[in-house]
Amino acid sequence: MQWGFMTPAHIATLLAAAAMLVGLYYMLRSRSEKVQTAVLAVLSLWGVAAIVYNLVRWGSPIEYLPLHLCSINAMLLPFAVLTRNKTLGNLLLVWCLGALAALVMNHEMMTTTLFGEAFIFYYFPHVFEFGIPVLLFKLKLVQKDARCIGSTLTLTMLIYTFVHLCNKLINAWSAAAGNGIRVNYMFSVSATNPVVAVFHKLVPYEYWYMYLVLPIVALYLMTVYAPQLRALYRTRRTAKLRRKTA
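Participant: Quick one: what's the story with the nonpolar core, residue by residue and with numbers?
Facilitator: Most often, soluble globular proteins have nonpolar side chains that are buried together. Counting 58 residues, the largest nonpolar core has Leu40, Ile132 and Leu136 as its most contacted members. Those elements that provide at least two residues to this core are helix H1 (8-28), helix H2 (33-57), helix H3 (69-83), helix H4 (86-104), helix H5 (117-138), helix H6 (149-177), helix H7 (196-202) and helix H8 (213-224). Here Leu136 is in contact with Leu40, Ala80, Val81, Leu141 and Val142, once residues within four sequence places are set aside.

Participant: Can you tell me about the pattern of salt bridges, naming the residues and giving the values?
Facilitator: Inspection of every chain in the model, using the stated rule, returns 5 salt bridges. When the shortest N-O distance is used, the salt bridge between Glu33 and Arg84 registers 2.9 Å. Taken together, the residues span a long stretch of sequence, with Glu33 in helix H2 and Arg84 in the loop between H3 and H4 at a distance of 51 residues. Taking relative accessible area as the criterion, Arg84 reaches 31% and is therefore assigned partly exposed. Between Lys86 and Asp145 there is a salt bridge, with the nearest N and O atoms lying 2.9 Å from each other. Residue Lys86 is found in helix H4, and its partner Asp145 is found in the loop between H5 and H6; the two are separated by 59 residues along the sequence. Residues joined by salt bridges that share partners form a network here, namely Lys86, Asp145 and Arg147.

Participant: Lay out the packing of H1 against H5 in plain terms, naming residues and giving numbers.
Facilitator: Axis separation between H1 and H5 bottoms out at 10 Å; the angle between their running directions is 40°. Considered as vectors, H1 and H5 are oriented oblique to each other. At the point where H1 passes H5, the crossing takes the right-handed sense. Counting all contacts with H1, which are made through Thr13, Ala16, Ala17, Met20, Leu21, Leu24 and Tyr25, the residues of H5 involved are Phe119, Tyr123, Phe124, Val127, Phe128, Phe130, Gly131, Leu135 and Lys138. Of the residues in the contact of H1 with H5, the class split is 13 nonpolar, 2 polar and 1 charged.

Participant: Give a description of the layout of surface pockets that names residues and reports values.
Facilitator: Computed from the structure, the second largest pocket encloses a volume of approximately 170 Å³. As for the second largest pocket, its lining consists of Leu93, Val134, Phe137, Lys138, Lys140, Lys144 and Val224. Ranked by residues supplied to the lining of the second largest pocket, first place goes to H5 with 3 residues.

Participant: Can you explain unusual backbone geometry? Please cite residues and give values.
Facilitator: Even without being a glycine, Phe115 presents a positive backbone phi close to 70°. Within the secondary structure, Phe115 is located in the loop between H4 and H5. Positive phi, normally seen in glycine, also occurs at Tyr207, with a value near 70°. Topologically, Tyr207 is positioned in the loop between H7 and H8. Looking at Tyr207, the relative accessible area reads 10%, which means it is buried.

Thresholds, definitions, all that
Residue positions are given per chain, counting from 1 as you read along its sequence in written order. Since the coordinates come from a predicted model, pLDDT governs what is reported: local features require at least 70, and pairs of side-chain atoms require 80 or more to be given and counted, while whole-chain, interface and lining totals use all residues. Excluded from the side-chain calculations are hydrogens and water; all other atoms, namely the structure's heavy atoms, are used. The term nonpolar core refers to a set of buried residues drawn from Ala, Val, Leu, Ile, Met, Phe, Trp, Tyr and Cys, joined through side-chain atoms within 4.5 Å. Burial classification: accessible surface area is computed with a 1.4 Å probe over protein chains only, and a residue below 20% of its type maximum counts as buried, one above 50% as exposed, and the rest as partly exposed. Runs of E in the DSSP output that reach at least two residues are strands. Runs of H or I that reach at least four are helices, and both are numbered from the N terminus. What makes two residues a contact is simply this: any of their non-hydrogen atoms within 4.5 Å. Here, a salt bridge means any Lys or Arg side-chain nitrogen found within 4 Å of an Asp or Glu carboxyl oxygen. Lines fitted to C-alpha atoms define the axes, with helix axes restricted to the stretch in contact, and inter-axis angles between N-to-C directions lie between 0 and 180 degrees. Angular relationships are summarised with four words: roughly parallel below 35 degrees, roughly antiparallel beyond 145, roughly perpendicular across 65 to 115, and oblique for the angles in between. Throughout, a crossing is termed right-handed when the near helix is turned clockwise from the far one, and left-handed when it is turned anticlockwise from it by less than a right angle. We call Asp, Glu, Lys and Arg charged. Ala, Val, Leu, Ile, Met, Phe, Trp, Tyr, Cys and Pro are nonpolar, and the rest, Gly among them, are polar. Only protein atoms enter the 1 Å grid, on which a cavity is a set of points fitting a 1.4 Å probe that cannot get out and a pocket is an open set with protein on both sides within 12 Å along at least 5 of 7 lines, lining residues being those with an atom within 4 Å of a point. Grid points are joined across faces, edges and corners, and a volume is the space filled by probe spheres set on the points.

Now the structure itself:
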């Protein structure tokens, strides 16, 4: 059976992913921090395993370098779990949306056999790349901090720019070698993803069109950090009034 897109099988796997993550939360919430960290650390290795699988399985490592957002997420996730670094954790709270999008908009994997080898190394890594950053905050292993909004946006843009330069270098080398390889990591070169194609229609320029995602990310961050932002605003306003009346 093929996985398909918005087929009963696809919808069932999305519901199963949600149930898996909710069940994991309830299983871990009463456990010690040591147990919570150990379990999430082991599960975070799914993404690393998927990177190795793709590099070896398809016979063209240059086309499967860990330069997509989900792959970079996968490499950073074990460190985020083990160190509980606030900057990294808050960054992955945004990047995890890419993994969710990959599960929902699975256009490159629609013909994959359900529960086949390729499906397993796509589905489970993306489930945990989305779920683990969320669980880190739900379990209070990492502190949500609105002051990380700046570092999140800055690091995202820097990494996106680095990946675009990698795309250009690899494609230039490929053209000179005449091997027909053309990479498009993080979709910076062309809109091969139906979702980002919408942005490309508005700004038909490689690299730049993906910046239209930033307002959406900023709105998401404003929503996620709304209570903290209100508290910071009230604190600064109170301090300002005190200075005026002093």
